Amino acid sequence: MPNSPTLKRTLTLKYVVFFGLAFMAPKTFFSTYGVAVNSTSGMMPTAYAIALVVMLFTAYSYAQLVKAFPKAGAAYTFTQKSISPHIGFIVGWTIIIDYIFSPMISALIVGISLKAYFPSIPMFVWIILFIVIITAVNILGIKLAAKLNTYMLFLQFLLFALFFILSIKGLLEGKGAGILFSTVPFYDPEISAPALLSVIPILCFSFLGFDAVTTLSEETKDPTRTLPKAIYFITMIGGFLFITSSYFAQLIYPEFHSFTNPESAYLEIAMYIGGNIFVSFFVAVGLTSTTASAVASGTSASRILYAMGRENVLPKKIFGYLSPKYRTPVFNILLIGGIALSALFLNLTTAASIISFGALFAFFFVNLSVVSYYFFQKKQRSFKGTIQYLIIPLIGAALIGLFFINLDKHSLILGGTWLLIGFIYLLNLTKMFRQPPPELAFEEA
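Cut-offs and rules
- Residues numbered from 1 in each chain as written.
- Predicted model: local features only at pLDDT ≥ 70, side-chain atom pairs only at ≥ 80, totals over all residues.
- Heavy atoms only, no water.
- Helix = DSSP H or I, 4+ residues; strand = E, 2+ residues; numbered from the N terminus.
- Rg over C-alpha atoms; globule rule 2.2 N^0.38 Å.
- Areas by Shrake-Rupley, 256 points an atom, 1.4 Å probe, with all protein chains shown as cover.
- Lys, Arg positive; Asp, Glu negative; His and termini not counted.
- Charge placed at Lys NZ, Arg CZ, Asp CG, Glu CD.
- Salt bridge = Lys/Arg side-chain N within 4 Å of Asp/Glu carboxyl O.
- Buried < 20%, exposed > 50% of the residue type's maximum accessible area, 1.4 Å probe, protein only.
- Expected span 1.5 Å × (residues − 1).
- Bend = angle between axes of the 7 residues up to and from the residue.
- Arc of directions from axis to C-beta.
- Patch = residues over 30% accessible without salt bridge, like charges linked within 9 Å, V, L, I, M, F, W, Y side chains within 5 Å.
- Contact = heavy atoms within 4.5 Å.
- Polar contact = N/O pair within 3.5 Å; in protein donor to acceptor, adjacent residues only side chain to side chain.
- Axes fitted to C-alpha atoms, helices over the stretch in contact; angles between N-to-C directions.
- Parallel < 35°, antiparallel > 145°, perpendicular 65-115°, else oblique.
- Left-handed = near helix turned anticlockwise from the far one by under 90°.
- Nonpolar A, V, L, I, M, F, W, Y, C, P; charged D, E, K, R; others polar.
- Core = buried A, V, L, I, M, F, W, Y, C linked by side-chain atoms within 4.5 Å.
- Phe/Tyr/Trp six-rings, centres within 6.5 Å; stacked < 30°, edge-to-face > 60°.
- Lys NZ or Arg CZ within 6 Å of the ring centre and 35° of its normal.

- The protein chain has the name Amino acid permease in an unreviewed UniProt entry, where Peribacillus simplex is given as its organism.

This is how it looks when you write it as structure tokens:
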């Protein structure tokens, strides 16, 4: 159909990197710091460094596959084309919950925060208003969403810069450890390796963002060159911010066991180094970063649904529809907004549990997809090819698999239930595996 609307290639490397970092929402590091630092007994920089290494293996696999399959769909497309259409469907079904539930989590965080500041206004008012805004932004187009995320992202960078400056100033004045350089945040002989490694799966999700940009393949200029660069930039920038921030947080406030409330520990640190003004700025940036993350995750989710709907893996009339005016998958965006309304009655624990399952499940199969496509299908079996397309992705798969089997029971139960529903739907779609599920077409209208 020559007149059918298509996704527009408008994004450059700059916007793709900003989009991925906005999805990552680096500021959330502070929100989770108090809980995570207790789990690692203070060795947060080392824990984040390990998480960075683990994520770089998977980022490498994403970068290799996006060169071969520069299409909307991300992990779904990679596994569908590299391993099997059936496995591709299951991976797509599983990873979609990460993106679909992320705006709901953002809405819930905003509702809780604003309810605390404006107790006379019911929380549901803030939740509904927030969802309406992010839904409207995503419908109006990817360029607007990318620009909005860029402005909000710069506020987060400013927050990190102020945190570094105020921490250094405080340390030079004798606060906290009173020194700028120390190995204590990186190494403590009294901390056991199992205790340190137990928190890595949680920290890995701080890096989500490099995978989200692969869903924008059909809206990125020269995607086979732009997206691999963006994937590495996003992962490394996130790693730098997390490792450096946890280092200074540990030095400026070494008594992490004394936090009044670990979930709001960052506010205690902010008050200690910057007073009420810095605390207010912290809260304000938190709201903007949450909005940016919700816009980015909603955009990614709508593109994955579009990729699956375009070829009738999901009903095409709904999921494969693009607005002729805005060139965006409007029905998908509205559906995600509707799901986000579950913030009115769900809690963060329930949503976060299922998200962790989906991410690791998809990461595992993306690593295997590199082996299947390059090493077996393309027969890249020279010494260099064996290293690039067998050894490296298998290490990535092994590391992800190790963390997957150590997920808590809530993650396994909720994620497993969602996976079972997808499997049953796949049985119906393929007539009990007697026919393959529809595959994505590579030609663009």
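**Let's talk about the overall build of the protein chain**
Point 1. The helix and strand tally for the protein chain stands at 16 helices and zero strands.
Point 2. For a compact globule of 445 residues, the expected C-alpha radius of gyration is about 22 Å, and the protein chain comes in at 22 Å, within 12% of that figure.
Point 3. Surface accessibility of the protein chain: about 18,300 Å² in total, with carbon and sulfur atoms responsible for 70%.
Point 4. Here the protein chain contributes 28 positive and 16 negative side-chain charges, whose respective centroids are spaced 13 Å apart.

**Observations regarding the pattern of salt bridges**
Opposite charge on two side chains permits them to pair, given that their charged atoms come into close proximity.
Point 1. This structure, assessed with the given rule, holds two salt bridges.
Point 2. Measuring nitrogen to oxygen at the nearest pair gives 2.7 Å for the salt bridge that ties K169 to E173.
Point 3. K169 gets classed as partly exposed once you look at its relative accessible area, which sits at 45%.
Point 4. The shortest N-O distance in the salt bridge between D222 and R225 comes to 3.4 Å.

**Some details on unusual backbone geometry**
Point 1. Positive phi is not limited to glycine here, since K431 has a value of about 55°.
Point 2. With respect to the helices, strands and loops of the structure, K431 is situated in the segment after α16 (409–429).
Point 3. Relative accessible area serves as the criterion here: at 44%, K431 is assigned to the partly exposed category.

**Things to note about helix α11 (residues 265–310)**
Point 1. Here α11 spans only 46 Å end to end across 46 residues, well under the 68 Å set by a 1.5 Å rise per residue.
Point 2. At G274, α11 is bent by approximately 135°, the largest bend along its length.
Point 3. Of all the 46 residues making up α11, 36 are buried; the element is thus mostly covered by neighbouring parts of the structure.
Point 4. Immediately beyond the C-terminal end of α11, within one or two residues, lies N312, with a positive phi of roughly 65°.

**Brief notes about helix α13 (residues 330–340)**
Point 1. Every buried residue of α13 is accounted for by V330, N332, I333, I336, G337 and A340. Relative to the axis of α13, the buried residues are bounded by an arc of 165° and lie together on one face.

**Points about a nonpolar patch on the surface**
Point 1. Residues F124, V125, I128, V132, L341, L344 and F345 make up a contiguous nonpolar surface patch of about 630 Å² in total accessible area.
Point 2. With respect to the helices, strands and loops of the structure, F124 is situated in helix α6 (residues 123–140).
Point 3. The class of F124 is partly exposed, set by a relative accessible area of 46%.

**Concerning the environment of L360**
Point 1. Tracing the sequence through the fold places L360 in helix α14 (residues 348–377).
Point 2. Counting along the chain gives 265 residues from L360 to I95, while the straight-line C-alpha distance between them is 8.7 Å.
Point 3. Excluding residues that lie within four positions of it along the chain, L360 makes contacts with F205, I400, F403, F404 and L407.

**With respect to the side chain of T328**
Point 1. Tracing the chain through its elements places T328 in the loop between α12 (316–319) and α13.
Point 2. Judged by its relative accessible area of 1%, T328 is buried.
Point 3. A distance of 2.8 Å separates a polar side-chain atom of T328 from the backbone oxygen of I139.

**Describing the packing of helix α1 (residues 13–24) against helix α10 (residues 223–252)**
Packed helices, taken two at a time, are described by the angle their axes make and the gap between the axes.
Point 1. Following both chains from N to C, one finds α1 and α10 inclined at 45°, their axes separated by 9 Å at the closest point. Our classification of the angle between α1 and α10 gives oblique. Remark: the crossing between α1 and α10 carries right-handed chirality. Contacts from L13, V16, V17, G20, L21 and M24 in α1 reach T226, L227, K229, A230, F233, I234, I237, G238 and F242 in α10.
Point 2. In terms of residue class, the contact of α1 with α10 is made up of eleven nonpolar, three polar and one charged.

**Examining the nonpolar core**
Point 1. Core analysis: the biggest nonpolar cluster contains 133 residues, and F163 and F363 have the highest contact counts within it.
Point 2. Residue contacts for F363: discarding those within four places in its chain leaves M55, T58, Y62, L208, F210, D211 and I400.

**Description of the packing of aromatic side chains**
Point 1. For the coordinates displayed, the defined rule picks out 38 aromatic pairs.
Point 2. A ring pair is formed by F29 and Y33, whose centres lie 5.7 Å apart and whose planes are at 55°; its orientation type is tilted. Pair noted here: F29 and Y33 are both in helix α2 (residues 28–39), with a separation of four residues, about one helical turn.
Point 3. You can call F29 buried: its relative accessible area is 1%.
Point 4. A relative accessible area of 1% places Y33 in the buried class.
Point 5. One cation-aromatic arrangement involves K175 over Y272; the distance from NZ or CZ to the ring centre is 5.3 Å.
Point 6. Lying across the ring of F375, R381 places its NZ or CZ 5.4 Å from the centre.

**Looking at the packing of helix α3 (residues 44–68) against helix α15 (residues 383–404)**
Point 1. Interaxial distance between α3 and α15 falls to 9 Å at its minimum, and their mutual angle equals 130°. Comparing the axis directions of α3 and α15 gives the class oblique. Viewed along their axes, α3 and α15 form a crossing whose handedness is left-handed. Note on element contacts: α15 touches α3 through Q388, Y389, I392, P393, I395, G396, L399, I400 and F403, opposite V54, M55, F57, T58, Y60, S61 and Q64.

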